[in-house]
Amino acid sequence: MTEPKLAISELLHGGDYNPDQWLDYPGVIDQDFKLMKTAQANTVTVGVFSWGSLEPSEGQYNFGWLDNIFDRVEVQHGHVILATPSGAKPRWLAEKYPEVLRTDEFGHKLLYGGRHNHCFTSPVYREKVQQINRLLAERYGQRESLILWHISNELGGECHCELCQAAFRQWLQHKYQTLAALNAAWWTTFWGHQITSWEQVHSPSPLGDTNLKGLNIDWRRFVTDQTIDYFEDEVQPLRELTSNIPITTNFMTDTADMIPFHGLDYRKFAEHLDVISWDSYPAWANDYETTAELGMKVALINDYYRSLKQQNFLIMESSPSRVNWHPDNRAKRPGMHQLASLQNIAGGSDSMLYFQWRQSRGASEMFHGSVIEHRGGDQTRTFKEVAEVGQDLANLQEIIGSQPVKAKVAIIFDFDNMCALDDAEAYSQTTKKYWQTIQQQYTYFWRHDIPVDVISPADKLDDYQVVIDPMHFMMATEFADKLAAYVKNGGHLVGTYISGVVNESALAHLNNAPQSFETVYGIQPIETDVMYPSQRNTIVWGDKKYQVYDYAERIERTTAQELACYQSDFYQNSSAITINQFGTGQAYYLACRTEQKFLNQFYDYLAHLLDLFPDKSIVKNSADISIQIRQKDQTQYIFVMNFSDQKKNIELVEALPNILTGKIISAGNYELEPYSVLVLRK
Amino acid sequence: MTEPKLAISELLHGGDYNPDQWLDYPGVIDQDFKLMKTAQANTVTVGVFSWGSLEPSEGQYNFGWLDNIFDRVEVQHGHVILATPSGAKPRWLAEKYPEVLRTDEFGHKLLYGGRHNHCFTSPVYREKVQQINRLLAERYGQRESLILWHISNELGGECHCELCQAAFRQWLQHKYQTLAALNAAWWTTFWGHQITSWEQVHSPSPLGDTNLKGLNIDWRRFVTDQTIDYFEDEVQPLRELTSNIPITTNFMTDTADMIPFHGLDYRKFAEHLDVISWDSYPAWANDYETTAELGMKVALINDYYRSLKQQNFLIMESSPSRVNWHPDNRAKRPGMHQLASLQNIAGGSDSMLYFQWRQSRGASEMFHGSVIEHRGGDQTRTFKEVAEVGQDLANLQEIIGSQPVKAKVAIIFDFDNMCALDDAEAYSQTTKKYWQTIQQQYTYFWRHDIPVDVISPADKLDDYQVVIDPMHFMMATEFADKLAAYVKNGGHLVGTYISGVVNESALAHLNNAPQSFETVYGIQPIETDVMYPSQRNTIVWGDKKYQVYDYAERIERTTAQELACYQSDFYQNSSAITINQFGTGQAYYLACRTEQKFLNQFYDYLAHLLDLFPDKSIVKNSADISIQIRQKDQTQYIFVMNFSDQKKNIELVEALPNILTGKIISAGNYELEPYSVLVLRK
Amino acid sequence: MTEPKLAISELLHGGDYNPDQWLDYPGVIDQDFKLMKTAQANTVTVGVFSWGSLEPSEGQYNFGWLDNIFDRVEVQHGHVILATPSGAKPRWLAEKYPEVLRTDEFGHKLLYGGRHNHCFTSPVYREKVQQINRLLAERYGQRESLILWHISNELGGECHCELCQAAFRQWLQHKYQTLAALNAAWWTTFWGHQITSWEQVHSPSPLGDTNLKGLNIDWRRFVTDQTIDYFEDEVQPLRELTSNIPITTNFMTDTADMIPFHGLDYRKFAEHLDVISWDSYPAWANDYETTAELGMKVALINDYYRSLKQQNFLIMESSPSRVNWHPDNRAKRPGMHQLASLQNIAGGSDSMLYFQWRQSRGASEMFHGSVIEHRGGDQTRTFKEVAEVGQDLANLQEIIGSQPVKAKVAIIFDFDNMCALDDAEAYSQTTKKYWQTIQQQYTYFWRHDIPVDVISPADKLDDYQVVIDPMHFMMATEFADKLAAYVKNGGHLVGTYISGVVNESALAHLNNAPQSFETVYGIQPIETDVMYPSQRNTIVWGDKKYQVYDYAERIERTTAQELACYQSDFYQNSSAITINQFGTGQAYYLACRTEQKFLNQFYDYLAHLLDLFPDKSIVKNSADISIQIRQKDQTQYIFVMNFSDQKKNIELVEALPNILTGKIISAGNYELEPYSVLVLRK
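Being a predicted model, the structure only gives us computed values, none of them experimental.

Caption draft 1: Region of interest: the overall build of chain A. Each helix and strand in chain A was counted, giving 17 helices and 29 strands. Here chain A has a C-alpha radius of gyration of 26 Å; the compact-globule value for 682 residues is 26 Å, and the two agree. A sequence separation of at least 24 residues applies to 76% of the contacts in chain A between residues at least 6 apart.

Caption draft 2: Looking closely at the sheet that holds strand β22 (residues 618-620) of chain C. Residue and element names in this part refer to chain C. One open sheet accounts for three strands, arranged β22-β25-β28; its pairing is antiparallel. Two strands bound the open sheet, and with one partner strand each, they are β22 and β28 (668-672). Geometrically, the sheet is characterised by an average inter-axis angle of 30 degrees between neighbouring strands, direction not taken into account. Where β22 and strand β25 (residues 648-652) come together, three bridges link them in antiparallel fashion. The residue of β25 that forms the bridge with Val 619 is Glu 651.

Caption draft 3: Highlighting the nonpolar core. In terms of nonpolar packing, the biggest core is built from 635 residues, with Ala 410 and Val 640 of chain A, Ala 410 and Val 640 of chain B together with Ala 410 and Val 640 of chain C touching the most fellow members. Residues within four places of Ala 410 of chain A in sequence aside, it is in contact with Val 452, Asp 453, Ile 455, Leu 461, Tyr 464 and Val 467 of chain A.

Caption draft 4: Summary view of helix α3 (residues 64-75) of chain A. Residues and elements named next belong to chain A. In a regular helix each residue adds 1.5 Å, so twelve residues correspond to 16 Å; α3 covers 17 Å between its end C-alpha atoms and thus fits that length. Those residues of α3 that fall on the buried side of the exposure criterion are Leu 66, Ile 69, Phe 70 and Val 73. Along the long axis of α3, the arc covered by the buried residues comes to 100 degrees, so they all point the same way. Those residues of α3 that are exposed and angled more than 90 degrees off the buried face are Gly 64, Asp 67, Asp 71 and Val 75. Where the residues of α3 are buried, they touch β2 (43-46), α2 (51-54), β3 (79-83) and α5 (123-140). Of the residues one or two after α3, His 77 is the one with positive phi, at around 60 degrees.

Caption draft 5: How the structure looks around the relation of the copies chain A and chain C. For the pair chain A and chain C, the relating rotation is 120 degrees, the translation along its axis is 0.0 Å, and the fit reaches an RMSD of 0.0 Å. Overall, the copies show the geometry of a three-fold rotation axis. For chain A, the residue whose C-alpha comes nearest the rotation axis is His 108 of chain A, separated from it by 6.1 Å.

Conventions and cut-offs
- Residues numbered from 1 in each chain as written.
- Chains lettered and ligands numbered in written order.
- Predicted model: local features only at pLDDT ≥ 70, side-chain atom pairs only at ≥ 80, totals over all residues.
- Helix = DSSP H or I, 4+ residues; strand = E, 2+ residues; numbered from the N terminus.
- Rg over C-alpha atoms; globule rule 2.2 N^0.38 Å.
- Contact = placed C-beta atoms within 7 Å.
- Pairing = 2+ DSSP bridges.
- Axes fitted to C-alpha atoms, helices over the stretch in contact; angles between N-to-C directions.
- Core = buried A, V, L, I, M, F, W, Y, C linked by C-beta atoms within 7 Å.
- Buried ≥ 20, exposed ≤ 12 C-beta atoms within 10 Å, placed from the backbone.
- Expected span 1.5 Å × (residues − 1).
- Arc of directions from axis to C-beta.
- Least-squares fit on C-alpha atoms with pLDDT ≥ 70 in both.

In C-alpha cells, the structure reads:
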C-alpha cells in the first residue's frame, strides 16, 4: 500500500472551526463563511471536539449540521480537514462506561472533565471510537473537499488503571521474555528490588517505585507504543474506507519556550502518519528575550518536525494574536503575524491554520486568540492582519511543491536520551538543559542561514557534512559505531560533555565502552566537574577567552589534538576542546558548556572550513535578519525576514522579484521595515 | 417581623472568652473577671468552641460553668455575646455520624480535626446544631446580659460529598429548569462537554472539570447559598425563641494584606444578619509598607463592611498584640493598639473586641495574642495598652448613636466579578489584582479624608456624586444600563480597563454589548495590551508623565473627549484617559493601569471639581494623618489619627475639646505624637 | 549483660559492598578484592540490600554468594560488618503480605517501591525479619571476620496504618492512663476537641488534626519509641546467638547543610546501640560557603554523635567523591578527601567507610560516588585518593584506643525541643533556625580548637566549665532546676532568647515558671520582638556595635547585671546581654539574635576568663586551620588541618613527628598546603 499524499494546489489558510457551538445563534455561521472569503481562508478543520454534537446519546447520531458545513465549504471551493472526535469524549460515555476514564499515578480514578482523560487501553473506548470514525468515513470519505484526516487532538498523557498495568506487563513480556532478563536490564538487585512474578510489575508511582531507571524509561516507551497502538485502532476504519486520504495528528511543544513535547516519542509516531502537523504557540513580544532569539527557537522546531519525515509539514494550530495559557498572554505586535506566518512557510509549512476561527463564547478557551473575536467582526486588528496573511499566501501559490533546501548539517535529538537524562540522579538538578544545549548549537546556523536537519540516532548520517550530537548521555554501542563509520568515511562530527554514559537500558557503560565513542573522538572522559550555578572556569581559543559554566569534563586525549584548554581549577591546562582525525573525517569534542560566543566562533570556523554557507545572493547587515530558501526544481524562493523592531538593511547582488508584491527589487541596498518579509524568486 | 437592633449604651470592649479551658485551674476565672474590670472590658463572647464542654457526650449536657459565667458578667453589669458552638463540633459527633465530616475536592472524606470541617448540607449536622442552639436559647435567651447571637465562627469552606453534589444539582435545576438552559449557559458544546443527565453534574475538581467557567461561578454561588441555607437552619430556634436578640456572624479578610474573603459572597450573606461584625488582623509594623499604607487598607475594609448594611458594625475579633499565623508575627508597637482601635471606631465600629481574653495554655492558637498572656498578668505592655483603650472607649461613651458621615463617593466591588476575573484564563496570571486596583482608587480619598462607600452592583447609585467601577470584567447588561441612567441623571462615573467583558453567566458579551457600557463612556474597547511584568508605556496628563504597566487598553472614542494618550508602542497617540458628557453627568474611562501618582492627580482634579472635601476644621500637613468623622444629630466627632512614627503637625481653625482627655485644644498649631489620636467634638 | 564493644586493632577502611549485583559479571568480584588490597581497604559492609538475594522467594534461601564473600574477606584478613537486610524488603513479601507496606498520612496504602516502606508495627514484618536475622546469626555469627552488626539501614519514616494507630493508642494509654490526663496534656478543650474514647485518637494528618501541639509531640515520641521497639525485635536473635558482637545502625543528617535528622530522637535510640555510626554527606566545594564553614558544621555533627555515648564512633557511609541527591552534585576537589577523612578521624571516628565500594550499574544510586567507578578502575582520581587515605589510615594505626580530649564546654541539643519549636505557630515561620543557632555558638569554639560536647537535657552537667543552652523553648521545670544547681555549684551557663516557654507537654509555662530559669539568669522575659527579615536593632558591647536581627527579647533584670543594651526601638536602653552571679557560678543571658561577630567577641571573653584553650604547642595564623587532638594515655595526636584552598602558616613551639609521613617537623614556621593535614604525635 502506498502512503497517501496530501494533494493540495494552494497553501492552506484557515483553521479549527467549531460551528456546533453556534447552531442556536442565527447568522453567525453565515458571517463565518463570508469572512473566510474575505480573509482568503480556504480550509477548515472540523469535528475536533464534536463527539457530543454528533452522537448526543449512545447510538443516536446527528450529522445534519456537519453535512451543512461540508456543503458550505464546497460552495466556496474550500478544503476540509476532518477530525475524529476522540480527543473529547462525550459525558454519557464516561457515565456509562467508567473504564474509559483515566487512573492517575496515585491510583485515583479520574472524574469526567477536561479533554485528554481517556484510557488508551480501554477496549470499550477503542470500540466506540472505531464506531464513530467508521460513520464519519462512510459519510464524508468521498466528499470532494476532504483532504486530510486529523486524528483525535494533541494526543498525550498516560493512564495507570489495571487495564494499562496488564498491557504494560504484556509489553514487557514481549520485550524481555524472561524475568531474569527484565531484572538484569532494570538492575533490580540494587536495593533488593528483584521482580519474581510479572504481576509484581507496576507503573512508576509516587506511592511506589519512582527511581528504577529501567522501569522509568520502559514506561515512557510503553506510553508511546500504547498510544500508537490505540492510534492504529482509531485509523483502521479510515484506512479501510478512505485509503486515498492522508492521515495526521497534531503534535505539540511543551512550553512557550519551544521545548519538544515530553509525553511521546514523535520520531516513532511519525512513522504512522502520512503528514506531520504541529501546533505553534510561541510567546512573541515577551520581556525576557528578543524576537530573533524566539524566532530561532521556532525555526529549530520547524526543522525538527520537517526532518521527521524529510517532507513539508502543516502548522495545524496557531494563534493569530495571543493564547490564554501563558503566564502573560500578550498579543503579537503589528506585522508580527505576517512574519510568524511566513517564517513557518519558509521553514517547510504548507499551511497557516489557526485555533480557532471564531472565539468561543464561554468555557475554558474563550479567551484564546481567534480570527473572529467577541467584538469587532472584521474590524479588529487581528482580522485585518489575518486577511493580509491570506493575501500573502495567495500570492505565494507558486511555491506549492517547493521544499526547504537540503541541509548539510544535522543535529541529533533523541527522545529516549531526553527522558534518561531528565531521570538521571546526578549532575545538577537545574542545569541539565538538553534541548537548550541543542538550541545553543543551532543558534550559529540560524543566524547564518545555514539549513539544519534535526534527526534521530535511527536516521542516516552519510548525507551530512556535519553531524552535531550534543549531550548524548544514553548512547547505544551500535550508535557509537555508526558515528565512527560516519567520520571514517569523511564526516565531521561534533560531540559534547555528558555523552556515551549509559546504554539503551539506562545501565552505565562499563569500563571504556562504548569503544567507538572514545576512538572516534580520540579522547577518554575522566570525570565531569559539576559546577554550582555561580561557579565558572575559562577556556582560551585563538586569542580570546570564553567562560565555562555548569559542566566541565576532564578528558584525556588519546589520538586527539587540543584546540583549547581550561584556565583554572585543578584541571588547569588540561584539554577542553579537541579535534581528532579519524579515517578521512574529523571529530570535535566540546568537553564543557561554554557561553554562546565560543560556539559562534567555533562553528564559524567549521562553516568556513567546509563552506557550509548557502549560495549568497543577499548580504545582510544583522543577525536579526533570517534568510530561508525553499526550492522547486531550479527555482529558489528566498524568504528574507526581519526579526527586529528596527529597520534593517540588506544588499541584493542582483535584482529579484518579490512575489508577495509582484514588484522587482533592484540590486543594491534595500531597507526592510520592522518585522517585514520579502519572498524573492530566483 | 422587624429586624432586631443591637441595643447598647456604651462601646463594647472585651472579646472571645473561653473559660471552659480553665475549670481545673482555681483562681484563673476570678482573676479574669477582676482584670476585665481593670481594663474596663464590658463584653465577653462565650461559647464559640464550647460544644464539647456543653454536651460532652450525645444528649448529656453540662451548662453549669456557662451559667456561672453569665452570673459573673451580670454582677459586673457586663454584656454577653453568646456563640452557637457549631464552629467546632465535638469529636463524638464525627465518630458517631461520619456524614458530618467534609469531603474534599479530591473525594477524600476528611478525618476529624481543625475547626471548619463539617458538611453544611448534612441533615444530621443541621439537626444536632438546632438541638444545641435551642437549648442555649431556652436557657440564656432571657438573660439580661445577652445582647447578641454570634452564629458559629468564621463560616467558610466547602464540601464535595454526595449530599452536597445532590444539593448542587437541585440548586442548578431550580436555576436553569432544563439541561438545555444549563448547557447554553455553561457553553458545554465547546470541548463536547454537553450534560445529558443531571446526575452527570459534579462540583469542580482537579480530578474532573476545573475550567468550565459557568460551572465554576455557579459552584461559588451555590457555596454561598448553601452556607446561608445552613445558617438559616442554625438561627431558626433563635429567631423563634429570642426574636428580640440580634444575630451576627463574624466575617473575615483573607490575608494580612486585607483582601476580602474569597470563600463567600458577604453581600448576599449580610441580608441574613442583623449586625455586621468582622475579625481584623492587619500585619502592623511589617517591613514592606508604611503604617499609613496599611491603615488605608484597613479603612477600606471598614468601609466595605460598613457599607454592606449602611450601618455601624462590630470588630468581633482582633489581637491586642500579634497573631500566630502571619509569616512573621510581630507585635504592635507602643501606641499602635490605641491608634488601631480608634481607627476602627472612627470607621464605624461600635466595639473593640479581642480574640481572646486569656491566652490558651496549649493547642493551635496558644501563641495568638491575648489580653492576658502566659506571663505577667496585668503587668504586661499588652494588658496596659488594652486598659488604656478601655479608658478611651469609656471616654467616648457619648458617641454611641453616631455614625460615619454619609459618603458622596462609592466604589463598586462585586464578589462574582472577583471570582470570574480570578478564573479567567486570559490577561496575566500574576497581575489581575482586582482588590489591589480598588485599593489604588481608594488611596486618594483616604489621604484626603473623603468618605467612601464600597457598594455592590445591586445597590442604589443615585445618592452618590461619584461612582468608581474598576475592572468590572463580569458586567450584566442591566447593570450597564443602570450606570448609564446614573450618569444621564447627573452622576460622575469612573471606569477602567477590563470592564464589560462577560455577562453574569461568564459568557463573553458579543459584538458591542453591553450597549450602555459603550454609550455611557463614549468609547469602544478595541484590544487589551497585556504587558509582561517589566514592560511599560507612558501617558501624559497636564504637563506630567505617568508610567503605565500591566494593562493598556486600546480604545476608540465615539463621543468621548481625550484627556491623555499613550506615548509609545504601536498605539502611540491613541486615547488612554477619556471623559464623556452623557446626559447631565460625566463618565471617565481609565483605559490603562497607571502608577499611583496619576490616580492621585486625577482624583484631585475630580475632588476639586465636585468639592468632595468634608468640612475642614483642621488643616493637616501630612498624608500620614487621617481624619474621620462620626456624626450624631448636629454633633461631629472628629478623629484625628497620626499613622506615622514621627510627630506631625495639624492646625485647628477653631478651638475644640478632645473628648479622650476632656481638654480643649486651642486653635492654631498642634503637634500629634507618633501613632496618637485626638477625638474632637464639634 | 555487659555491652559488647567493638574490638578493632586498626582503623576501618572500606564500606558498603553489594556484590550480589555482580554475580553474573565474571571477574568483577575478583577485581573488587584485588583493589581493596591496593587501597588498603580492610572492611566491607555486606547484606544491606540483600534480602531479595538471600531469600529469593519465601523460605527459599541462597547464602552461597555471601559465604564466598566472607571467605574472600578472611583470606585477606579483613573485617565484615554484616547488615540485617530489613532496610529493603523483597517484592514477594509485599505482594504476599500487604500489611507490611506503609500507609501515608493521607491514608494511602503505599505500593512496593523505594526502600523505607515498611510498617514498623506489622507483626508479619517483625516475624519475617527475625527469621532472616536468625539465619544470618546462625550462619555467620561465628565467622572470625564478623566485627559488627549493622541493623537495617538509615531507619526512619512513619506509618499511619490501623496497626500503627492501635499501637499509638496503646502507647498513649500507657503514658496517660486516663482520657482526662490526655485531654489536659493536649489542651483539647480549646476548639472543643475533647477526646471521649481512645478510638477517637488518630495520628496527625492533613485530613484531620495537624495543630494539636500535644498530639504532634507525642506522635514524634511514639515514632521514635515504636522504631526502637521494632529495632529490639530485630536484634533479639542477634543478642541471643552472638552476644559478643556489637550492634549499630547508621544514623543520618537531614541535608547537605548538616542538620540533625528530624525523624527520630537519636539520643533515645543511642541507648540501644553498642556503637554509634553515621552517614556523612556534606556538600564540599559548593558556592554558598567556605570549606571552613562547612568543616565547622561537620565537626559539630561529629561532636554530637560522639557525645551520644561519650565514645568514639564510626563513619559508616560517605562518598569518596560526590553524591547523587544534592541539588548540584560536585565532587571533592583534590586533597579534600584526605582532609575530610582525617577530620572525621580527628573528631572521634575509628573508620572511614564508603557508600559504596563499586558503583551500581543501574537503578537509583548508579551515579552516587563510589570507590570503583563505571570507568577507569584503579586509574581514577577517586580511587587514587581513596588509596592514599588507605595509606594514611594504615600510618595512623597507633591511634587506635585514643579518643578526642575531654571537653570543658557543652552545648545542649534536645530533639523534643527541636520538634516543639518547629511546630510552634508563633515567632516567624522562616527564622526559627534552632540548629543554625547552635552552629552559631559552636563557631567560636571550632575556630579556636576548643573541644565541645553536644549533650541532652538528660545528661550530667557538672563536669563542664561552660554549658550553652540556646533557644531552649520546651524546657521542663526539672531541667531549669538542674541548670540552677549547676550554676550554683560554680558552673558557667549561657542561655538565649526563646527559652523556658513551654513544658514537656508543649503547654505554656504559666506566670513566672519555671522559677529556676528566672532565678539562675536573674532576669524575667517580658516580650519577644519578632522582626521581619529586613528589620534590625543594634547593641553595643565594649566600644563596638553589633547588629541584632530576627529576635530581640525585652527582659527585666532582677539580680542580673547588664552587659549590653539595645540601641533603638521602643525598648532602647533596655538590657540585651546580661550576667548573673548565682551561687559560685555565673549565668549569661543573650536576649537577642546577633551577628556572628558579637558571639565571637563574647565567647572570646569567656574563653579567656576561664582559660578554655587547650595546651598550645602550635600557633596558627588562620581560622581556616583547625586543630583537633586525640589522646591515649599520655600521648596526644594533634591533627592540624588546613580547610583553605590557600597555603597557610603555622608555628610549632617544639619539633614533633608527623605520623602520616614518619618525618619530624622542626620547631618554627611550617607551611601547610591547601586542604592538607598533619598528624603530630606529642
